[in-house]
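# Residue-level structure breakdown
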Amino acid sequence: MTEASPPGEMTGPQVVLALEGVSRVYGTEVLVRALDDVSLDIWAGEYLSIVGPSGSGKSTMLGLLGVLDLPTEGAIRVWGTDVTCLADGERSRLRGEAIGFVFQQFHLIPHLTALGNVETALLYKGLSARERRGRAMAALEQVGLEARFDHRPVQLSGGEQQRVAIARAISTDPGVVLADEPTGALDSRNADNVMQIFEDLRSPERAICTVTHDLSVANAAQRKISMLDGRIVSDEMLSHDQGVGT
Amino acid sequence: MRRFRELVGVAISGLTARKIRTALIMLGPILGVAAIVAAIGINESSKGHLKAKLQELGTDLIVVNASTGMGFGQDPVIEAAAVSRVSRLPDVTAVTGTRQLSDIVTVPFEGAEDYYRAFPVPVIASGLSLPKTLEVPMVSGRFLNDYDRDSGARVAVIGRDLADEYGYLAGEPRTILLNGLEYGVVGVLDWVLLEPSMDSAVFVTFTSAVEDWELDEPDPSRLYVRAPTHTSLVAAEIPTVVSLGGPDGANASVPTDLLDAQSQVDESLNNLTKMMGGLALVVGGVGIANVMSISVIQRSSEIGIRRALGHNRGTIAVQFLFEALVVGVFGGVLGALVGAGVVWGVAEQRGYTMVLSVAGLVAWALVSVGVAVVAGLYPSSKAARLEPLETLRLG
């Protein structure tokens, strides 16, 4: 088995995540084709958004891109490795290393502190407690929450909880951050803060992919993918400083 | 090892986040182990006490009671001649006959008749070798002797508790009144473990019993026989030796056998309590499985997040299994401590020497761990099977 890993030396843009002819069908008697023969490459360093009305297949695609689900047909490649052929343990390891998640409802573990939540992403990776704590604190610093490391989610505002979730997503230094409606549960001020953080997180090694209804969030990306009825109907480049579209 | 520490840390943080729930599910193992440890400990301590008592009494004492013969309406007795026949048996080293006398009011001084009529003191006509046969020493003075028997002197020996009740001082010239007749106290007999009623009794000679209380013959109703060897055989032989085929029968028994039987009864009770403790452990295990299954549903979002963060199914299963394990370990240890505390309390209260096996404590704590782990198997496999996409509700 080929072990997937991030490219050691960047010789040019690398594909971090790729969907190849992916379809996802739900149901046994009544079949619902939520995603229909979709192909998409996500390149290191690009910032893309996926938009579309309800039922267009955005969430299904996010689940597949995040390797939280497997396609009925087609392949999902993470750093070139087809994860549909991997066992759960290897697939989970790859997910933990390559992908960071930010959810609309934050999904922090309520009994853990901000630091504990970020550290959760660094468990079982062979790090010492000191290393784990250091990396988690560094991630909290990146989102400006190092002073509130010992607060539990209930003691934090919605915006702060989302920033902790972002810190958790980037603490493992993933190749791609997948964000599901990251500003959906926030007021406009906190939403602007979160968008600014996403802007700041951009780097040549890391892709950012947001799934959203919000056009202002979608237009902040450099590449916008529109979906309808389980298919990609447009793939636009909003700016041309870097990145490659399909 | 690092992974193990991380798993234990996650399990403990999951349990401490819900302290009351954790305490409640720990109650099962605690009660189960405590019940079993207490049952075994109390029984062992009590058996230890019995063994000490047996050691003190010796296992070679035979008690012979007269059984009803042909003479209806009369108290059964053993004829005096039978006493010497028993004493001539091989292996018998001492024999003493006794007979409790009825309707005698014993008072330590004049004017106390009303009280002692309500609370009568037993008066026992005894052979002269009672201390030797029972192997009980005198606290003070002497026991009844040949001169007392031959002369019919009105002398008495009293039990140790009665001496305390009377405020009798060692060597003090003291008389007591038996139905108004003055008897001189010549000695105090120490506690008789086998016959605690003797501790508050008055002993007189058979001669006094015949002369003062109109006993027809100096016949005892009970014999105490000491046979250091072949005790059981001697006990089996005695009824024949006493009756010689005649109507006056006797029953012989070895009291220490009764104590042994008593310890067997305790063993049955012990087994019953152990079964109840085991049942409590099983019920506790079912409680753990039940509460943890509900917990898996409540924590499905947490499980989904952990899966999204790269924790695989095995890790999730082991995390929940470790939570069950921690419940079992703490429940087992606390249960063992509570059980040991109960044993200590009972031993203190009843004057036993506390007997508790450390290996037993560890073994039962381990049983609790085993029950908890088995109980945690289903919820942990259920947690591992949860699909992260279903618990995270994307979009």
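Per-chain numbering applies: the sequence of each chain, read as written, is numbered from 1 onward. Note on labels: chains are lettered from A, ligands numbered from 1, in written order. At least 70 in pLDDT is required for a residue's local features to be given in this predicted model, at least 80 for side-chain atom pairs to be given and counted, and no such filter applies to totals for whole chains, interfaces and linings, which use all residues.

### A short note on the overall build of chain B
Quick note on the threshold: Helix numbers and strand numbers start at the N terminus; a helix is a DSSP run of H or I with at least 4 residues, a strand a run of E with at least 2. Residue burial is a threshold on neighbouring C-beta atoms within 10 Å of the residue's own C-beta, all placed from the backbone, with 20 or more meaning buried, 12 or fewer meaning exposed, and counts in between meaning partly exposed. A residue pair is marked as a contact if its C-beta atoms, positioned from the backbone, fall within 7 Å.
Secondary structure summary: chain B contains 14 helices and eleven strands in total. Taking all 395 residues of chain B together, the buried fraction comes to 42%. Sequence separation of 24 or more characterises 83% of the internal contacts of chain B that already satisfy a separation of 6 or more.

### Brief notes about the overall build of chain A
Scanning chain A from N- to C-terminus turns up seven helices and ten strands. Look at the contacts in chain A between residues 6 or more apart in sequence, and 68% of them connect residues 24 or more apart.

### A short note on the nonpolar core
Our working definition: Put simply, a nonpolar core is a cluster of buried Ala, Val, Leu, Ile, Met, Phe, Trp, Tyr and Cys residues tied together by C-beta atoms within 7 Å.
In terms of nonpolar packing, the biggest core is built from 124 residues, with Val-176 and Cys-209 of chain A touching the most fellow members. Among the elements that take part in this core, helix α2 (residues 19-57) of chain B stands out by supplying 13 residues, more than any other. Filtering out sequence-adjacent residues up to four positions away, Cys-209 of chain A remains in contact with Ile-42, Leu-48, Ile-50, Leu-65, Val-176, Leu-178 and Ala-179 of chain A. Residues Ile-78, Leu-134, Val-155 and Val-185 of chain B belong to the second largest nonpolar core, which totals 52 residues.

### Observations regarding unusual backbone geometry
All names here are of chain A. Its identity as a non-glycine residue notwithstanding, Asp-37 has a phi of 50°, on the positive side. In this fold, Asp-37 is placed in strand β2 (residues 32-43). Residue Phe-106 is not a glycine yet carries a positive backbone phi of 65°. Looking at where Phe-106 falls in the secondary structure, it is placed in the loop between β6 (99-102) and α3 (114-120). Residue classification places Phe-106 among the buried residues on the basis of 23 C-beta atoms within 10 Å.

### Considering the sheet that holds strand β8 (residues 207-212) of chain A
Residue and element names in this part refer to chain A. Put simply, the rule reads: A pair of strands counts as paired when DSSP detects no fewer than two bridges linking them. In this description, a line fitted to the C-alpha atoms serves as the axis of each element, helices being fitted only across the stretch in contact, and the angle between N-to-C directions of two axes falls anywhere from 0 to 180 degrees.
Spatially, six strands are ordered β6-β7-β8-β3-β9-β10 in an open sheet, and the strand pairing comes out mixed. Pairing within the sheet leaves two strands with one partner each, and these edge strands are β6 and β10 (231-237). Each strand of the sheet is rotated relative to its neighbour by a mean of 20°, with strand direction disregarded. Docked against the sheet, helix α5 (residues 158-170) engages β6 and β7 (176-180), running at close to 170° with respect to β6.

### Description of the packing of helix α3 (residues 80-87) of chain B against helix α9 (residues 231-243) of chain B
Any two packed helices are characterised by the angle at which their axes cross and by the distance between the axes. Residues and elements named next belong to chain B. What counts, and what does not: Roughly parallel here means an angle under 35 degrees, roughly antiparallel means over 145, roughly perpendicular means 65 to 115, and every remaining angle is called oblique. Handedness of a crossing is defined here by the sense of rotation of the near helix relative to the far one, left-handed for an anticlockwise turn of less than a right angle and right-handed for a clockwise turn. All residues other than Ala, Val, Leu, Ile, Met, Phe, Trp, Tyr, Cys, Pro, Asp, Glu, Lys and Arg, Gly among them, are scored as polar; the first ten of these are nonpolar and the last four charged.
α9 packs onto α3 with a crossing angle of 140° between their chain directions and a minimal axis gap of 9 Å. When the interaxial angle is binned, α3 and α9 end up oblique. Classified by chirality, the crossing of α9 by α3 is right-handed. Only Ile-238, Val-241 and Val-242 of α9 make contact with α3, whose side of the interface consists of Ala-82, Arg-85 and Val-86. Of the residues contributing to the contact of α3 with α9, the split by class is five nonpolar, no polar and one charged.

### A look at the confidence of the model for chain A
All names here are of chain A. Quick note on the threshold: As a per-residue quantity, pLDDT reports the predictor's confidence and falls between 0 and 100.
With 91% of its residues at a pLDDT of 70 or more, chain A shows a mean pLDDT of 88. Per-residue pLDDT, averaged within each element of chain A, yields its smallest value for helix α6 (residues 188-201) (85) and its largest for α3 (96). Low pLDDT, under 50, characterises residues 242-246; the stretch is placed with 16 contacts to residues that sit more than four places away or in other chains.

### Structural notes on the interface of chain B and chain A
Tallying the contact residues gives 23 residues for chain B and 27 residues for chain A. Elements supplying a minimum of two residues to the side of chain B that touches chain A: α1 (2-16), α11 (300-308), α12 (313-350) and α14 (388-392) of chain B. Residues that form the side of chain B that touches chain A fall into these classes: nine nonpolar, eight polar and six charged.

### Some details on α9 of chain B
Residues and elements named next belong to chain B. Quick note on the threshold: The span you would expect from a helix comes to 1.5 Å times its residue count less one. What the bend at a residue measures is the angle between two axes, fitted to the seven residues ending there and to the seven starting there.
The terminal C-alpha atoms of α9 lie 19 Å apart, and with 13 residues this matches the ideal 18 Å at 1.5 Å per residue to within 8%. Along its length, α9 reaches its greatest deviation from straightness, about 35°, at Glu-237, and the proline Pro-239 lies no more than four positions downstream. Taken residue by residue, α9 has Thr-231, Val-234, Ala-235, Ile-238 and Val-242 as its buried positions. Contacts from the buried residues of α9 go to β1 (61-67), α3, β10 (222-226) and β11 (249-253). Taken from the residues just after α9, Leu-244 is the one with a positive phi, measuring 50°.

### Overview of the pairing of strand β3 (residues 47-51) of chain A
Side-chain positions along a regular strand alternate between the two faces of the sheet. All names here are of chain A. The buried count for β3 comes to five of five residues, which makes it a mostly enclosed element. Alternating positions in β3 separate into two faces, Tyr-47, Ser-49 and Val-51 on one and Leu-48 and Ile-50 on the other, with burial throughout. Taken together, the five bridges between β3 and β8 define a ladder with parallel strand orientation. Pairing of Ser-49 across the sheet is with Thr-210, part of β8. With four bridges joining them, β3 and strand β9 (residues 223-228) adopt parallel strand pairing. Bridge pairing in β9 places Leu-48 opposite Arg-223.

### Some details on the pairing of strand β4 (residues 73-78) of chain A
Residue and element names in this part refer to chain A. Judged from the five bridges that link them, strand β1 (residues 15-26) and β4 form a sheet pairing that is antiparallel. Across the sheet, the residue bridging to Leu-19 is Ile-76, located in β4. In terms of strand pairing, β4 meets strand β5 (residues 81-82) through two bridges, oriented antiparallel. Across the sheet, residue Arg-77 finds its bridge partner in β5, namely Asp-82.

### Quick notes on the environment of Gly-48 of chain B
Residue and element names in this part refer to chain B. With respect to the helices, strands and loops of the structure, Gly-48 is situated in helix α2. The exposure class of Gly-48 is partly exposed, given the 15 C-beta atoms found within 10 Å. A sequence separation of 305 residues divides Gly-48 from Thr-353, and the C-alpha atoms of the two residues are 7.1 Å apart. Not counting the four nearest positions on each side in its chain, Gly-48 is found in contact with Tyr-352, Thr-353 and Val-355.

### Quick word on α11 of chain B
Along α11 of chain B, seven of the nine residues are buried, which leaves the element largely enclosed by surrounding structure. Among all positions in α11 of chain B, only Glu-302, Ile-303, Gly-304, Ile-305, Arg-306, Arg-307 and Ala-308 of chain B are buried. Structurally, α11 of chain B contributes buried residues whose contacts are with β6 and α3 of chain A together with α12, α13 (358-385) and α14 of chain B. Gly-310 of chain B lies just past α11 of chain B and shows a positive phi near 110°.

### A short note on the sheet that holds β5 of chain A
Residues and elements named next belong to chain A. The antiparallel open sheet is built from four strands, whose spatial order is β2-β1-β4-β5. The open sheet is flanked by β2 and β5, the only strands paired with a single partner. Running over the sheet, helix α1 (residues 58-65) touches β1, β2 and β4 and is turned about 125° from β1.

### Some points on the packing of α12 of chain B against α13 of chain B
All names here are of chain B. Between α12 and α13, whose axes approach to 7 Å, the crossing angle comes to 155°. When the axis of α12 is compared with that of α13, the two are roughly antiparallel. With respect to the hand of their crossing, α12 and α13 are arranged in right-handed fashion.

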